[in-house]
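# Reading the structure
Listed here are the chains, written in short residue letters.
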Amino acid sequence: MTRFLVVLTDVRPLGGTGRNERTCPERRRQVVGASSREAADRIAGAFMALGMVRAGRQRVKVIAVGRRREG
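Below: a short report on this structure.

The rules behind the values
Residues numbered from 1 in each chain as written. Predicted model: local features only at pLDDT ≥ 70, side-chain atom pairs only at ≥ 80, totals over all residues. Heavy atoms only, no water. Salt bridge = Lys/Arg side-chain N within 4 Å of Asp/Glu carboxyl O. Helix = DSSP H or I, 4+ residues; strand = E, 2+ residues; numbered from the N terminus. Buried < 20%, exposed > 50% of the residue type's maximum accessible area, 1.4 Å probe, protein only.

Attention now goes to the pattern of salt bridges. What the rule picks out here adds up to five salt bridges. A salt bridge links R29 to D10; the shortest N-O distance between them is 3.0 Å. Here D10 lies in strand β1 (residues 3-10) and R29 lies in strand β2 (residues 28-34), a separation of 19 residues in the sequence. Residue K61 is joined to E26 by a salt bridge in which the shortest nitrogen-to-oxygen separation is 3.1 Å. Placement of K61 in strand β3 (residues 58-65) and of E26 in the loop between β1 and β2 is noted, with a sequence separation of 35 residues between them. Accessibility classification places K61 together with E26 in one group, the buried group. Salt bridges sharing partners connect three or more residues here, namely D10, R27 and R29.

None of this, on its own, says anything about what the molecule does.
See the structure below:
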């Protein structure tokens with residue numbers, strides 16, 4: 001079963017090296033787990049209504065964790 005993480009992060013300014021989430025990830029403000037994509041989308045929608053997200057200072061990411069087993 002695939003689980004999802006909804007992550008609220010700070011947006012950092014674009015530096016000379018660019019943005020590489022593997023070497024220098026954005027600072028996380030909030031992380032919430034969800035058991036379905038629909039639940040993750042609802043949580044992400046609530047985060048997107050926040051003023052800091054609407055102003056472009058924070059961003060919302062939905063990340064799939066694990067894989068769903070076929071069978």
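Having put the structure on the table, let's press on.
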